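# Inside the fold
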Amino acid sequence: MSYEKVSQAEHIIVGSKQVVKALKAGSIREVIVADDADVHVIDKIIYTAKDMNVSISHVDSMKKLGKACGIEVGAAAVAITV
């Protein structure tokens, strides 16, 4: 389900550093994180999203999440913008 949300979204932000930056700017509607990503990579994203009251969805695969974004590599986190 979340893979479909990502592939159908008009504007997304890919990558942990970019997602955290956008969360702090307040321009994110939802964050999707891959459960197979390293914990130290997604911890800051999850913490920041909770702090900013942004909903968090989980998917099982970085590879599938990257594919849903239209990139050739895996994605640990993706944000859907407002």
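A brief look at the structure comes next.

### What to know about the overall build of the chain
A count of helical and extended segments in the chain gives four helices and four strands. The helix and strand sequence of the chain, counted from the amino end, reads α-β-α-β-α-β-α-β. Expressed along its principal axes, the backbone C-alpha trace of the chain runs to roughly 30 × 30 × 20 Å. Classification of the 82 residues of the chain by burial places 43% in the buried group. By sequence separation, contacts in the chain at least 24 residues apart represent 74% of the contacts at least 6 residues apart. For the chain, the computed accessible surface area is about 5,100 Å², with 51% contributed by carbon and sulfur atoms. Computed over 10 positive and 10 negative side-chain charges, the inter-centroid distance for the chain is 5 Å.

### Comments concerning the nonpolar core
One finds Val 19, Leu 23, Ile 28, Val 31, Val 33 and Ile 45 to be the most contacted residues of the largest nonpolar core, which totals 17 residues. Of all the elements in the fold, those that place two or more residues in this core are helix H2 (16-25), strand E2 (28-34), helix H3 (39-51) and strand E4 (77-81). Those residues in contact with Val 31, other than ones at most four positions away along the chain, are Val 19, Leu 23, Ile 45, Ala 49, Val 54, Ser 55, Ile 56, Ser 57, Val 78 and Ala 79. Counting 10 residues, the second-largest nonpolar core is a separate cluster that includes Ala 34, Val 59, Leu 65 and Ala 68.

### Let's talk about the sheet that holds strand E1 (residues 12-14)
Reading across the sheet, the four strands line up as E1-E4-E2-E3 and stay open at both edges, with mixed pairing between neighbours. The strands lining the two open edges of the sheet, one partner per strand, are E1 and strand E3 (55-59). Across the sheet, the mean angle separating the axes of adjacent strands is 20° when strand polarity is ignored. With three bridges connecting them, E1 and E4 associate as antiparallel partners. Its bridge partner lying in E4, Ile 12 is registered against Ile 80. Sitting on the sheet, H3 touches E2, E3 and E4, and the angle it makes with E2 is about 150°.

How each quantity is defined
Per-chain numbering applies: the sequence of each chain, read as written, is numbered from 1 onward. Selection of residues for local features in this predicted model requires a pLDDT of at least 70, selection of side-chain atom pairs for listing and counting requires 80 or more, and totals for whole chains, interfaces and linings are taken over all residues. Hydrogens and water are ignored here; the side-chain numbers use all heavy atoms of the structure. Put simply, DSSP H or I for four residues or longer makes a helix, DSSP E for two residues or longer makes a strand, and each gets a number counted from the N terminus. Exposure categories follow from relative accessible area, calculated using a 1.4 Å probe and restricted to protein chains: below 20% of the type maximum is buried, above 50% is exposed, and the middle band is partly exposed. Pairs of residues are marked as contacts when any of their non-hydrogen atoms sit within 4.5 Å. Residue exposure ignores everything except the shown protein chains as possible cover, and the areas themselves are Shrake-Rupley values with a 1.4 Å probe. When charges are counted, Lys and Arg contribute as positive and Asp and Glu as negative, whereas His and the chain ends are disregarded. Note on charges: their place is set at NZ of Lys, CZ of Arg, CG of Asp or CD of Glu. Residues grouped as a nonpolar core are buried Ala, Val, Leu, Ile, Met, Phe, Trp, Tyr and Cys residues, joined through side-chain atoms within 4.5 Å. Any two strands are treated as partners once DSSP identifies two or more bridges connecting them. Where helices are involved, their axes are fitted lines through C-alpha atoms of the stretch in contact, as for all axes, and angles between N-to-C directions lie from 0 to 180°.

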